[in-house]
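# Inside the fold
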Amino acid sequence: MPRPSRWSEERKANREQADWIVGWLRTNGPATTPEIIQALEAEGRQVRAHILQRALRKSPFVQRIGSVEGERGTVSRWAWGLEEDDGP
């Protein structure tokens, strides 16, 4: 009997979503977390906190480059690769 795949449809969808976030950031970054959420919503994609965190914190290509004041307080700025922090 074959072993079941560890890549369920949900895991595949989560991975694709995280890859989309990283790709969007590569093209449109640097961006704040709320800007990334707006982009997800504009594309009709679900905003899921654990996927967003995985894309931003675990990708070797995405770096936190600082923070800025947003509508609800301080928010992180993210960029593709290593870039200099150009703000407070």
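Description of the structure in this document. (Residues numbered from 1 in each chain as written. Predicted model: local features only at pLDDT ≥ 70, side-chain atom pairs only at ≥ 80, totals over all residues. Heavy atoms only, no water.)

### Comments concerning the packing of aromatic side chains
Centre-to-centre distance and the angle between the planes together describe a pair of aromatic rings. Threshold: Pairing of aromatic rings covers Phe, Tyr and the six-membered ring of Trp, with a centre-to-centre limit of 6.5 Å; geometry is then stacked below 30 degrees between planes, edge-to-face above 60, and tilted otherwise. Put simply, DSSP H or I for four residues or longer makes a helix, DSSP E for two residues or longer makes a strand, and each gets a number counted from the N terminus. Here the term buried applies to any residue with accessible area under 20% of the maximum for its type, exposed to any over 50%, and partly exposed to those in between, with areas from a 1.4 Å probe on protein chains only.
Going through the model one piece at a time under the given rule, you end up with 1 aromatic pair. Ring centres of phenylalanine 61 and tryptophan 80 lie 5.0 Å apart, and the angle between their planes is 15 degrees; on these two criteria the pair is classed as stacked. Residue phenylalanine 61 is located in the loop between helix 3 (49-58) and strand 2 (62-70), and its partner tryptophan 80 is located in strand 3 (residues 73-80); the two are separated by 19 residues in the primary sequence. A residue is classified by how much of its surface remains accessible, and phenylalanine 61, at 45% relative accessible area, is partly exposed.

### Points about the pattern of salt bridges
Where we set the bar: Within this document, salt bridges are pairs made up of a side-chain nitrogen of Lys or Arg and a carboxyl oxygen of Asp or Glu, the two lying within 4 Å of each other.
Using the criterion set out here, one finds 4 salt bridges in the structure. Between arginine 48 and glutamate 10 there is a salt bridge; the shortest N-O distance is 3.7 Å. Here glutamate 10 lies in helix 1 (residues 9-28) and arginine 48 lies in the loop between helix 2 (33-42) and helix 3, a separation of 38 residues in the sequence. Among the salt bridges present, the one from arginine 15 reaches aspartate 19, with a minimum N-O distance of 3.6 Å. Placement of both arginine 15 and aspartate 19 in helix 1 is noted, with a separation of 4 residues, approximately one turn of the helix. Residue classification places aspartate 19 among the partly exposed residues on the basis of a relative accessible area of 44%.

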